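Understanding the architecture of this molecule
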Amino acid sequence: MNDQSTRPLPSWNDSEAKQSILTFVEKVTTTDSPDFVPPAERIATFDNDGTLWVEQPTYTQLAFAMDRIKALAPQHPEWKTTQPFKAVLDDDLEALAAGGKKGLIELIVASHAGMSTAEFEEIVTDWQDEARHPRFERRYTELVYQPMVELLAFLRANEFKTYIFSGGGVEFMRPMTEAAYGVPPEEVVGSTIETRYEVRDGEPVLMRLPEIDFIDDEAGKPIGIHKFIGRRPIAAFGNSTGDREMLEWTGAGSGPRLMMLLFHDDDEREYAYGSAKGLADPMLGAFPPSLMETAEEKDWIVASMKDDWNQVFAFES
């Protein structure tokens with residue numbers, strides 16, 4: 001096992017969660033171990049929102065979509081009286097949540113389509129550089145979890161491939177994942193909208209169309225893993241009901257497995273929400289009692305942000 005340093009995972013407290021990671025990696029990387037896994041089969045998958053960076057008070061991509069809707073609103077006066085656009089223009093998150101997945105898809109289609117992939121990447125990159133989180137007043141790309149960045153690097157140092165599988169839009173994530181996490185764009189899988197090849201002014205372009213192609217969430221995650229990797233992971237990390245199927249799929253394989261959920265229970269350094277363990281029931285990123293029960297039944301590790309991490313963000317003193 002390659003520790004990278006004399007003290008691996010320094011932002012993790014010396015708790016059961018950290019020890020589970022270290023023990024697992026040692027087992028699968030020790031060549032004379034009965035649990036040895038060849039490097040080619042060392043696949044680890046990670047959710048993004050709430051697992052690698054902040055997802056409260058709303059998903060980062062939803063904050064981007066809301067800003068885009070506001071910027072485009074002068075061209076669409078009908079949005080002032082039409083949901084879910086009215087909720088965005090009124091900054092009414094409760095009304096927006098009431099619209100459910102259908103409303104969110106309408107916002108994504110309206111704010112993310114009608115341009116080339118290159119144009120969209122430029123818009124996303126500019127927004128990620130300029131936008132600030134309402135509580136922390138920092139770029140969203142600064143609000144990545146330092147312990148998870150260390151975990152990604154630790155796994156790669158031990159010849160794992162680390163993939164991101166997120167319900168978020170793949171073209172929203174790819175401009176930032178390599179700098180923030182060390183995960184290159186070709187190892188990022190997310191939800192997609194339809195794309196069409198065209199030639200404009202003599203140049204080939206890929207145009208983003210107002211139609212959903214693939215939702216990489218819940219049961220979509222193991223489907224995406226099968227479609228885009230072709231190997232079952234031996235480790236999977238998430239934080240909500242949207243990750244249940246990915247962890248189940250990982251755990252159903254033979255040989256050593258590590259499944260871990262991050263539990264947000266630290267409202268001083270970040271947020272506390274569940275509704276497991278009596279914490280607040282969030283509009284997004286739910287970790288209900290039923291998921292906690294599943295984790296206990298299947299021996300998944302539940303990492304407590306409050307108890308298992310001595311640091312949340314890199315900028316903390």
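Residues numbered from 1 in each chain as written. Predicted model: local features only at pLDDT ≥ 70, side-chain atom pairs only at ≥ 80, totals over all residues. Heavy atoms only, no water.

**Looking at the packing of aromatic side chains**
Any pair of aromatic rings gets described here by the distance separating the centres and the angle formed by the planes. Spelled out, the test is: Ring pairs are drawn from Phe, Tyr and Trp, using the six-membered ring of Trp, whenever the two centres fall within 6.5 Å, and their geometry is named by plane angle: stacked under 30 degrees, edge-to-face over 60, tilted for the rest. Put simply, DSSP H or I for four residues or longer makes a helix, DSSP E for two residues or longer makes a strand, and each gets a number counted from the N terminus. Each residue is placed in one exposure class: buried if its accessible area under a 1.4 Å probe, protein chains only, is under 20% of its type's maximum, exposed if it is over 50%, and partly exposed if it falls in between.
Using the criterion set out here, one finds 17 aromatic pairs in the structure. Geometrically, the ring pair formed by F24 and F160 is tilted, given 6.4 Å between the ring centres and 50° between the ring planes. With F24 in helix α1 (residues 16–29) and F160 in the loop between α7 (146–157) and β3 (161–169), the pair connects residues that are 136 residues apart, well separated along the chain. Both residues of the pair, F24 and F160, belong to the buried class. Ring plane angle 70° and centroid distance 5.2 Å describe the contact between F136 and F313, whose orientation is recorded as edge-to-face. Within this pair, whereas F136 is found in the loop between α6 (117–130) and α7, its partner F313 is found in the segment after α12 (305–308), the two being separated by 177 residues in sequence.

**Let's talk about a negative patch on the surface**
To be explicit about the condition: A patch is a set of surface residues, each over 30% in relative accessible area and not in a salt bridge, joined within 9 Å for like charges and within 5 Å for the nonpolar side chains Val, Leu, Ile, Met, Phe, Trp and Tyr. Values of accessible area rely on a 1.4 Å probe in the Shrake-Rupley scheme; residue burial ignores everything except the protein chains shown. Put simply, a salt bridge is a Lys or Arg side-chain nitrogen that is within 4 Å of an Asp or Glu carboxyl oxygen. His residues and chain termini do not enter the charge count, which takes Lys and Arg as positive and Asp and Glu as negative. To locate a charge, take NZ of a lysine, CZ of an arginine, CG of an aspartate or CD of a glutamate.
On the surface, a cluster of negative charge is made up of E119, E121, E122, D126 and E130. Locating E122 in the fold gives a position in helix α6. Residue classification places E122 among the exposed positions, given a relative accessible area of 52%.

**Section: a nonpolar patch on the surface**
There is a patch of nonpolar side chains on the surface, built from Y197, V199 and L206 and spanning about 320 Å² of accessible area. Mapped onto the elements of the fold, V199 is located in strand β4 (residues 188–200). According to the relative accessible area criterion, V199 is exposed, its value standing at 54%.

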